[in-house]
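Examination of the molecular architecture
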Amino acid sequence: MSKFHFDTHVHLDLYKDTDNIIAHINERKSYTIAVTNLPILYEKARKNIPDTKYIRFALGLHPELIHEFPEQVTEFFKKLKKVRYVGEIGLDFSKEYTSYQNLQQEFFKRCITECHRLGNKILSIHSRKAAREVIDIIGPEFNGKVILHWFNGNQSDTRRAIDNGYYFSINNEMIKSINGRKIIELIPLNRILLESDGPFTRTFKNNYDINFFDDLIMSISTLKECKIEDLYKILRNNFKTILESNK
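Below: a short report on this structure. Note that the structure is predicted; figures quoted are calculated from it, not measured.

Rules and cut-offs
Residues numbered from 1 in each chain as written. Predicted model: local features only at pLDDT ≥ 70, side-chain atom pairs only at ≥ 80, totals over all residues. Heavy atoms only, no water. Helix = DSSP H or I, 4+ residues; strand = E, 2+ residues; numbered from the N terminus. Buried < 20%, exposed > 50% of the residue type's maximum accessible area, 1.4 Å probe, protein only. Lys, Arg positive; Asp, Glu negative; His and termini not counted. Salt bridge = Lys/Arg side-chain N within 4 Å of Asp/Glu carboxyl O. Contact = heavy atoms within 4.5 Å. Pairing = 2+ DSSP bridges. Axes fitted to C-alpha atoms, helices over the stretch in contact; angles between N-to-C directions.

Let us look at the side chain of Asp157. Position of Asp157 among the secondary structure elements: in helix α6 (residues 155–163). Within the buried set, Asp157 has no salt-bridge partner at all; the shortest N-O distance to an opposite charge, 4.7 Å, is to Arg160. Setting aside residues up to four positions removed in sequence, Asp157 forms contacts with Ala131, Arg132, Ile135 and Phe151.

Let us look at the pattern of salt bridges. Pairing is possible between side chains of opposite charge, provided their charged atoms come close. As enumerated under the stated definition, the model contains eleven salt bridges in all. For Lys79, the salt bridge is made with Glu43, and the minimal N-O distance between the two is 4.0 Å. One end of the pair, Lys79, is in helix α3 (residues 71–80); the other, Glu43, is in helix α2 (residues 39–48), with 36 residues separating them in the sequence. Salt bridges here are not isolated pairs; linked through shared partners, they connect Glu43, Glu75, Lys78 and Lys79.

This part takes up the sheet that holds strand β2 (residues 31–34). In a beta sheet, neighbouring strands are held together by backbone hydrogen bonds and run either parallel or antiparallel to one another. Taken in spatial order, the three strands line up as β1-β2-β3 in an open sheet, and their pairing is parallel. A strand with exactly one partner marks an edge of an open sheet, and here the two such strands are β1 (6–10) and β3 (55–57). Adjacent strand axes in the sheet meet at a mean angle of 15°, parallel and antiparallel pairs treated alike. Where β2 meets β3, three bridges bridge the pair, whose relative direction is parallel. Residue pairing for β3: Thr32 is matched across the bridge by Ile55.

The structure is reproduced here in structure tokens:
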């Protein structure tokens, strides 16, 4: 079996043992998109963590933090034109952020508009309790690559996102939940990507180990009734497709 490992959503800068994790990623040749939560943290990570063949940092401004760091909005858009990877961005309409829905939507709409204008961006998007609104804002004509991270929308939301051509990054927590499995069952194999969302998932909270993805892939193959050898090939192709430039 030819294994191919990748992680489309990990908060590499939030681990305490980042150096060891980087060494592990490079040793295992696991292609990694390291998202950030603020532009200032993106800059810090780019400065302190060396570039490698397997790690790419994404410029982010997490929806939970927009109201706390309004000055970071300007910094985000200053940097946006120079980056290809964008995340973590999106909307979070959880109870504690109800008062900031308009602020979040204003930023996210502007972000999608700018990414579409600039073109060829790869976005990792947060949509907790706001799946419908996220899909409404992005729409079907966006000219970059959309990855819905840890998606938990309903079946209607899921089908709309599929019809719009979005991808979904699946983690170990999703495969363990009833709603998560229902979502995965709906997603075509050619739209599935993998993520750890470390250190915010139980699996990757205290230890980042590439081998954990093998367990996830095994579970997906069982759920989707797909041979595991075929699933590795499909996932590899999905990731390569994400990286392709839009002509």
